[in-house]
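A structural walkthrough
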Amino acid sequence: MSAIEGLETAHHHADEHDHHHEAQSFWQKYIFCEDHKVIAKQYLITGILWAVIGITMSVIFRIQLGLPDSNLSWLKPVLGGWISDAGKLDPNFYLALVTMHGTIMVFFVLTAGLSGTFSNFLIPLQIGARDMASGFMNMLSYWFFFLASVIMFASLFLQQGPAAGGWVIYPPLSALPQAHPGSGMGMTLWLASMAFFIVSQLLGGINYITTVINLRTRGMSFDRLPLTIWSFLITAVLGLISFPVLLSSVLLLIFDRHFGTSFYLSDIYINGEALPNVGGSPILFQHLFWFLGHPEVYIVLLPALGITSEVIATNSRKPIFGYRAMIASMLGIAFLAFIVWAHHMFVTGMNPFLGSVFMFLTLIIAVPSAVKGFNYITTLWKGNIVFTPGMLFSIGLVSLFVSGGLTGIILGNSALDIQLHDTYFVVAHFHLVMGAASAFGLFAGVYHWFPKMFGRMMNTSLGQAHFWMTFIGIYLVFIPMHYVGIAGFPRRYYQFTSYDFTHKFMDMNMFISIAAIFTFLAQFIFLWNFFYSIFKGRRAPQNPWRSNTLEWTAPVIPGHGNWEGEIPAVYRWSYDYSKPGAKEDFIPQNIPYSQTPESNFPHENELIATEKVIESQNFNDQFKTHH
Amino acid sequence: MYIIIALVALVFIVLTGVVISRLQGVLKSINKTDSEEVVTTGNKFNGAMFIVILIGGAISITWSYLHAREFFLPEASSIHGRRTDDLFWFSMGILTIPFIIVNFLVFFFAWKYQYKKGHRATFYPDNHKLELVWTIIPAIVMALLVFTGWKAWSDITAEAPRDAEVIEITGKQFNWIARYGGVDNNKLGDYNYKLIDAQNEVGIDLSDENSFDDFTNPSEMHIPVGRPVLLKIRARDVLHSVFIPHMRVKMDAVPGMPTKFWFVPDKTTADMRAETGNPKFDYEIACTEVCGQGHFSMKMRLIVDDEATYKKWVSEQATFLSTYPEYLAKVPENLKAKAMKYVPAEAAAPAADSSATSAGGAGASSSLR
């Protein structure tokens, strides 16, 4: 088999070259570890724990919305005073739940859990590096995230409750403790936690970018990088540019809250008192927030799309269709992501002319997104598709991404946004396109790379059952939610009985809630499968999906430095699946063209001449430069 | 409702059955040894599921849409609202086409090209023509949608016509307060947030003579039918957002930054009661920007009157000064004479020389209400 041959070639080049590393203590090995694989697992497990908390919250408020008559007294042991004696959820706590669900899912699960896990795990393994450019910064990145997590988690236990002004924390509500109980200590901790979170993201992002640029192995030119790496690189750049802006908006909010400044406050009369602040603008905060907030959507989504590209190509046994177009569309999306933020603000009183400009720019994003969608479909076309759980989730992602993305074209149209802004139509839209689609990317990644992470396989059948229940469940939740939005239901409402126009449609809300509970329960299949397989799963072969990328040439459980002996060299792109004439239906990246004369295209035969040069290089091996 | 729950229960049961049958497959495969062959557990089943989802999904979406339609908002009661509604359903119609095409292709291809032993996928890495096609077609469709949307948006947000009825609406935790330009001059007076107190809830500035005949209403807003209404929108404490679902009106209320929205309501409340067959129908104003505990119940009634009824209603309203004559003390001396016109004679004498918070003034105001 050619994969094995490739490995042997790699070994063949390996000189006797031993490393002597002292045995690491438990602390160095699992806690303050600088190994990218361990850090990735730390991110993954923390992300999963946060996901359990975040999704549970959504189920609680879905019960409140869809089954308003239900008695929640059984939650008293956990929620205590937040459940009234009559078994009703406290309205303030409802807002806190909505807020924390958003914050946790967007930042802690889909940013840290997704990018943090897979950028860390895959970048060195797929570009052929021993580790990240700076293992120490990488470790710091995780521990800043951990600190942010601890602070955010602690805020859940405050007497007054955690932050509760929506995940967008618009001032003045978030700036004035007298406006809402959640704007007191809860908001202080939220802001502190986010500040540390941003530090963590920046440390991670700088590291990802540096590693991809500097530590690619011999022959791994940019046009041979797997699309996963492209997506992680672009994501890191997005984060590096936009997260500091969030930090500044958070800092200014802290000043307004604690030092009496008026960045966001003006002309406020509250609780029988006219505040002295004048001259600030709440709209300024919204501009700053969404300058991060919109790229954040793509920070969440692009890694999922990268993972999907890799998984779909591997399991269709076909090269990804339009490799260059995929990169170009990601770059296009990333660029546009920075100049569309104000489409979240069409009806905030912003100048309508600005609204027109942002509408134009926003709708352009549909074009690169459409290109991605069609390229995925063409990759499936005439493939030989193996439905691994990872593949199922990737196919599901394409469907969710397109279904959710299309309604974005409605919302990006400022005239239509007047009616739909802040209704359930928006909620349905972004949950499909960024929430569920990114979560599917996360699942696809976990199922696909689990064998490399833990050396064991996850159970396929359970994974498939998990997929179908989740996929059907997600659509059952969010398709009806569009109807509720078209009926004009505003979001973040504790109950719908106050208005005649919302005092109907109860069975649809009940349906959504039941579907949400069902989807929630389905996730326990995953949890069981994941944790059980870590310890008891079937032992993984070296390359279970018969994939081309470099990580599958490393040992089943890669040790420190990832490859024994020399780092493999790269001679081709990562998508040589089902190449005409080839013996196997895949040719890993480390197989030189000189070994596959039967399947080479004419221009590839010319590349054989360059192989000697590639082979003789030995840049970038961190172990060699250290010693 | 029970039908829906039964349907969900059915889905549950079917899926549970699926899981159990899959699990049995798991138990059987536990003893199998590792092999270098492609592992294709359940490939046929999963392929078939995509077709099931395709058909089931098409049926459910069609059915649920038809079912949900009766709960959608009735036809818009404003001119621009019908325009954006038409645009919305037009765009939805267009977008349904790619929605169907893409989901059909994804699911159909997944089923059709599922793994077959000995089969080999087609090596098909790129095609510039195809890429161009699906770059240009979406771009053209987008251009069409953008253009229609942009036209509508610029008309809706254009300056309000001069004859527009100007009404101020102020959001606070947790209700709306409407203020009218008054029974005589129909001009809103100045305001200042520092003048707000328990009675003067929107901070009417009584040093401006236009404020003398202003009146406020904290529970309902009347507007005339058939001519432009310009809402001047303010917030007192935190962000709020004026949402009039039946009029397709929405605009944030921002402390320190007045906003506005104008529209032409063309169906009176009575018209809507006849049209919907609901004698209790009322237009409602809601809040759509989270503002705290009472966010979900910041309701204000909106009554659309015909011109005559509206005029009559306005003329019957008590001005702020007549309700609270003690505020006469805040009127500058040179304008007192003008202001006296809006203060009932018996209340004017004690109020003119007593302070705003005096017991006499307060007593007089409560007796007048």
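Residue positions within a chain follow its written sequence, with the count starting from 1. The order in which chains are written sets their letters, starting at A; the order in which ligands are written sets their numbers, starting at 1. Whole-chain, interface and lining totals are the exception, using all residues; otherwise, since this is a predicted model, local features are given only for residues with pLDDT of at least 70 and side-chain atom pairs are given and counted only at 80 or more.

Heads up, the condition is: UniProt positions are given in the numbering used here, feature names are shortened, and annotations may be inferred rather than shown by experiment.
As annotated in an unreviewed UniProt entry, chain B is Cytochrome c oxidase subunit 2 from Dyadobacter soli. Within the UniProt record for chain B, the comment given under Catalytic activity (unreviewed entry) is "4 Fe(II)-[cytochrome c] + O2 + 8 H(+)(in) = 4 Fe(III)-[cytochrome c] + 2 H2O + 4 H(+)(out)".

In the nomenclature of an unreviewed UniProt entry, chain A corresponds to Cytochrome c oxidase subunit 1 from the organism Dyadobacter soli. The heading Sequence similarities (unreviewed entry) in the UniProt record of chain A holds the text "Belongs to the heme-copper respiratory oxidase family." Quoted straight from UniProt, the Subcellular location (unreviewed entry) entry for chain A says "Membrane".

**Some words on the overall build of chain B**
For clarity, the cut-off: Numbering goes from the N terminus for both helices and strands, where a helix is a DSSP run of H or I of at least four residues and a strand is a run of E of at least two. With C-beta atoms placed from the backbone, a residue is buried if 20 or more other C-beta atoms are within 10 Å of its own, exposed if 12 or fewer are, and partly exposed between those counts. By definition, residue pairs are in contact when their C-beta atoms, positioned from the backbone, come within 7 Å.
Of the regular secondary structure elements, chain B holds 10 helices and 10 strands. Within chain B, the fraction of its 369 residues that count as buried is 38%. Taking all contacts inside chain B whose residues are at least 6 apart in sequence as the whole, residues at least 24 apart take part in 65%.

**Some thoughts on the overall build of chain A**
As a reminder, the rule being used: Only C-alpha atoms enter the radius of gyration, while the globule expectation follows 2.2 Å times N to the 0.38, with N the number of residues.
Along its length, chain A carries 19 helices and two strands. Here the C-alpha atoms of chain A give a radius of gyration of 25 Å, agreeing with the 25 Å that 2.2 N^0.38 yields for 627 residues. Across its three principal directions, the C-alpha atoms of chain A cover 80 × 50 × 50 Å. The proportion of buried residues among the 627 residues of chain A is 64%. The contacts of chain A with a sequence gap of at least 6 include a subset with a gap of at least 24, amounting to 80%.

**Description of the interface of chain B and chain A**
For clarity, the threshold we go by: Residues are grouped as follows: nonpolar covers Ala, Val, Leu, Ile, Met, Phe, Trp, Tyr, Cys and Pro; charged covers Asp, Glu, Lys and Arg; every other residue, Gly included, is treated as polar.
Between chain B and chain A, the residue contacts involve 104 residues of the former and 113 residues of the latter. Within the residue set of the side of chain B that touches chain A, elements represented by two or more residues are α1 (2-29), α2 (43-68), α3 (79-112), α4 (128-156), β6 (240-244), β7 (249-253) and β9 (283-287) of chain B. The element best represented in the side of chain B that touches chain A is α4(B), accounting for 15 residues. Residues belonging to the side of chain B that touches chain A are distributed by class as follows: 60 nonpolar, 28 polar and 16 charged.

**Brief notes about the UniProt feature "transmembrane region" (unreviewed entry) in chain B**
The feature "transmembrane region" (unreviewed entry), as given by UniProt, occupies residues 45-66, 87-112 and 132-153 of chain B in the numbering adopted here. In residues 45-66 of chain B, the share of helix is 100% and the share of strand is 0%. The end C-alpha atoms are 31 Å apart.

**What about the nonpolar core?**
Put simply, the test is: Nonpolar cores are built from buried Ala, Val, Leu, Ile, Met, Phe, Trp, Tyr and Cys residues. These are joined into a set through C-beta atoms within 7 Å.
Counting residues in each nonpolar core, the largest one holds 297 residues, and the members touching the most others are Ala437(A), Phe440(A), Val106(B) and Val242(B). Here this core gets 22 residues from one element, more than from any other, and that element is helix α5 (residues 91-127) of chain A. Setting aside chain neighbours within four positions, we find Val242(B) in contact with Ile169(B), Leu231(B), Ile233(B), Val249(B), Lys250(B), Met251(B), Ala253(B) and Ile285(B).

**Some remarks on the sheet that holds strand β5 (residues 229-235) of chain B**
Residues and elements named next belong to chain B. What counts here: Any two strands are treated as partners once DSSP identifies two or more bridges connecting them. The axes are straight lines fitted to the C-alpha atoms, using for helices just the contacting stretch, and the angles between their N-to-C directions are given from 0 to 180°.
Reading across the sheet, the five strands line up as β3-β2-β1-β5-β8 and stay open at both edges, with mixed pairing between neighbours. Here the strands that pair on one side only, and so sit at the sheet edges, are β3 (215-217) and β8 (259-263). Sheet twist, expressed as the average angle between the axes of neighbouring strands with direction ignored, equals 25 degrees. Pairing analysis gives three bridges linking strand β2 (residues 175-180) to β3, with the strands arranged antiparallel. From the neighbouring strand, alanine 178 faces β3, where its bridge partner is asparagine 217.

**Let's talk about the UniProt feature "domain: Cytochrome oxidase subunit II copper A binding" (unreviewed entry) in chain B**
The UniProt record marks residues 162-316 of chain B with the feature "domain: Cytochrome oxidase subunit II copper A binding" (unreviewed entry), using the residue numbering of this structure. Here residues 162-316 of chain B is 12% helix and 35% strand, with 25 Å between the C-alpha atoms at its ends.

**Points about the domain arrangement of chain A**
Residue and element names in this part refer to chain A. Definition in use: Either an automatic procedure or a domain database provided the assignment from which the domain bounds are taken.
Its domain assignment divides chain A into domain 1 (2-11 + 545-602) and domain 2 (37-536). Measuring from the centre of the C-alpha atoms in domain 1 to the corresponding centre in domain 2 gives 35 Å. Each partner contributes residues to the interface: domain 1 has 25 residues there, and domain 2 has 27 residues. Split into classes, the residues belonging to the side of domain 1 that touches domain 2 amount to 14 nonpolar, seven polar and four charged.

**Describing the pairing of β9(B)**
All names here are of chain B. Among the five residues in β9, four count as buried, and that is most of the element. Pairing between β6 and β9: two bridges, direction antiparallel. Opposite phenylalanine 243, over in β9, you have alanine 286 as the bridge partner. In terms of strand pairing, β9 meets strand β10 (residues 300-305) through three bridges, oriented antiparallel. Bridged to glutamate 284 within β10 is arginine 301.

**Quick word on unusual backbone geometry**
Among all residues except glycine, the phi angle is most often negative; among peptide bonds, the trans geometry is most common. Cis geometry is adopted by the peptide bond preceding Pro172(A), which originates at Pro171(A) and carries an omega value of 5 degrees. The residue Pro172(A) is located in the loop between α6 (135-155) and α7 (185-214) in this model. Look at the link from Gln173(B) to Phe174(B): it is a cis peptide, with omega at -5 degrees. Locating Phe174(B) in the fold gives a position in the loop between β1 (165-172) and β2.

**Regarding the domain arrangement of chain B**
Residues and elements named next belong to chain B. In terms of domains, chain B is made up of domain 1 (45-114 + 136-158) and domain 2 (165-317). In this structure, domain 1 and domain 2 have C-alpha centres spaced 35 Å apart. Between domain 1 and domain 2, the contact holds 10 residues from the first and 12 residues from the second. When its residues are assigned to classes, the side of domain 1 that touches domain 2 shows four nonpolar, five polar and one charged.

**Notes on the sheet that holds β9(B)**
Residue and element names in this part refer to chain B. Read across the open sheet, the five strands follow the order β4-β10-β9-β6-β7; overall the sheet is mixed. Looking at strand neighbours, the two that pair on one side only are β4 (220-224) and β7, the edges of this open sheet. Averaged over all adjacent pairs, the angle separating strand axes in this sheet is 25 degrees, with direction ignored. Contacting β4 and β10, helix α6 (residues 307-316) runs over the sheet at an angle of about 135 degrees to β4.

**Here's the deal with the pairing of β8(B)**
Residues and elements named next belong to chain B. Within β8, four of the five residues are buried, which leaves it mostly tucked inside the rest of the structure. Here β5 runs beside β8; their pairing, made up of five bridges, is antiparallel. Across the sheet, residue lysine 232 finds its bridge partner in β8, namely lysine 260.

**A few points about the packing of helix α9 (residues 282-316) of chain A against helix α13 (residues 389-411) of chain A**
All names here are of chain A. Rules: If an angle is under 35 degrees, it is roughly parallel; if it is over 145, roughly antiparallel; if it lies from 65 to 115, roughly perpendicular; otherwise it is oblique. Here is the rule for handedness: rotate from the far helix to the near one, and if that takes an anticlockwise turn smaller than a right angle the crossing is left-handed, while a clockwise turn gives right-handed.
Closest axis-to-axis distance for the α9/α13 pair is 9 Å, and the angle between their directions is 125 degrees. Classified by the angle between their axes, α9 and α13 sit oblique to one another. The element α9 and its partner α13 pack so that their crossing is left-handed. Contact with α9, carried on its side by Ala304, Thr308, Val311, Ile312 and Asn315, involves Gly390, Met391, Ser394, Leu397 and Val398 of α13 and no other residues of that element. Per-class residue counts for the contact of α9 with α13 are six nonpolar, four polar and no charged.

**Points about α4(B)**
Convention followed: Multiply 1.5 Å by the residue count of a helix minus one, and that product is the helix's expected span.
Taking 1.5 Å as the rise per residue, α4(B) with 29 residues should run 42 Å; its terminal C-alpha atoms sit 42 Å apart, in good agreement. All buried positions along α4(B) are accounted for by Glu131(B), Pro138(B), Val141(B), Met142(B), Leu145(B), Val146(B), Gly149(B), Ala152(B), Trp153(B) and Ile156(B).

**Remarks on the confidence of the model for chain A**
Defined as follows: Every residue gets a pLDDT, meaning the predictor's confidence in that residue, from 0 to 100.
Taken as a whole, chain A shows an average pLDDT of 91; of its residues, 95% reach a score of 70 or greater. Here residues 1-20 of chain A scores under 50 on pLDDT; set against residues more than four positions off or in separate chains, the count is 27 contacts.

**Examining the environment of Ala522(A)**
Residue and element names in this part refer to chain A. Tracing the sequence through the fold places alanine 522 in helix α17 (residues 506-536). Using a count of 21 C-beta atoms within 10 Å as the deciding quantity, one classes alanine 522 as buried. A C-alpha to C-alpha distance of 6.1 Å links alanine 522 and methionine 469, two positions 53 residues apart in sequence. Non-local contacts of alanine 522, meaning those with residues more than four positions away in its chain, are made with His466, Met469, Thr470 and Gly473.

**Topic: the packing of helix α11 (residues 352-364) of chain A against α4(B)**
Viewed as axis vectors pointing N to C, α11(A) and α4(B) meet at an angle of 165 degrees, and their least axial separation amounts to 10 Å. As the angle between them shows, α11(A) and α4(B) are arranged roughly antiparallel. Considering the relative orientation of α11(A) and α4(B), their crossing is right-handed. Contacts from Pro352(A), Gly355(A), Ser356(A), Met359(A), Phe360(A), Leu363(A) and Ile364(A) of α11(A) reach α4(B) at Met142(B), Leu145(B), Val146(B), Gly149(B), Trp150(B), Trp153(B) and Ser154(B).

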